[in-house]
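The residues making up each chain are set out below.
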Amino acid sequence: MRGNDDGLEKDLVQDWREAPIGDRTRAALEYAVKLTLTPHEMTAQDVDALRSASFSDMEIAGIALVTAHFNFMNRVAHGLGVEAPDAGTLASMFPSSTR
């Protein structure tokens with residue numbers, strides 16, 4: 001998150017569908033969630049929805065690639081039994097990013 005948008009960050013974590021975000025961001029998140037949870041249900045209509053939200057083909061490719069990369073890395077980590085560190089450990093690892 002950019003700046004000091006604690007409220008938006010909490011809204012996104014709690015339920016991004018209800019968060020006060022723009023239509024483009026919402027369309028990108030809808031696409032990413034569908035690609036993550038039900039990739040076998042993706043169709044050309046999903047790409048068209050992003051185009052309707054004013055995403056270029058290059059931006060759409062970027063959304064798909066970033067989503068796929070995160071999904072891949074999560075599956076590798078889960079497959080190897082890697083556990084995520086708790087918030088306190090993360091804060092100590094990255095002190096400049098804490099608020």
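Every value quoted in this text rests on a predicted model; they were computed, and no experiment measured them.

Glancing now at a nonpolar patch on the surface. There is a patch of nonpolar side chains on the surface, built from Phe-72, Met-73, Val-76, Leu-80 and Val-82 and spanning about 490 Å² of accessible area. Along the chain, Phe-72 turns up in helix 4 (residues 57–79).

This part takes up the pattern of salt bridges. A side chain with one charge may pair with a side chain of the opposite charge, provided their charged atoms come close. Under the criterion given, the structure shown has four salt bridges. In this structure, Asp-48 engages Arg-51 in a salt bridge whose closest nitrogen and oxygen atoms are separated by 3.1 Å. Of this pair, Asp-48 and Arg-51 both sit in helix 3 (residues 44–52), three residues apart, which is roughly one turn of that helix. Since its relative accessible area comes to 38%, Asp-48 is described here as partly exposed. A salt bridge links Arg-51 to Asp-57; its shortest N-O distance comes to 2.8 Å. Note on Arg-51: relative accessible area 42%, which makes it partly exposed. Residues joined by salt bridges that share partners form a network here, namely Asp-48, Arg-51 and Asp-57.

Rules behind the numbers
Residues numbered from 1 in each chain as written. Predicted model: local features only at pLDDT ≥ 70, side-chain atom pairs only at ≥ 80, totals over all residues. Heavy atoms only, no water. Patch = residues over 30% accessible without salt bridge, like charges linked within 9 Å, V, L, I, M, F, W, Y side chains within 5 Å. Areas by Shrake-Rupley, 256 points an atom, 1.4 Å probe, with all protein chains shown as cover. Salt bridge = Lys/Arg side-chain N within 4 Å of Asp/Glu carboxyl O. Helix = DSSP H or I, 4+ residues; strand = E, 2+ residues; numbered from the N terminus. Buried < 20%, exposed > 50% of the residue type's maximum accessible area, 1.4 Å probe, protein only.

In short, shape yes, function no, at least from these values alone.
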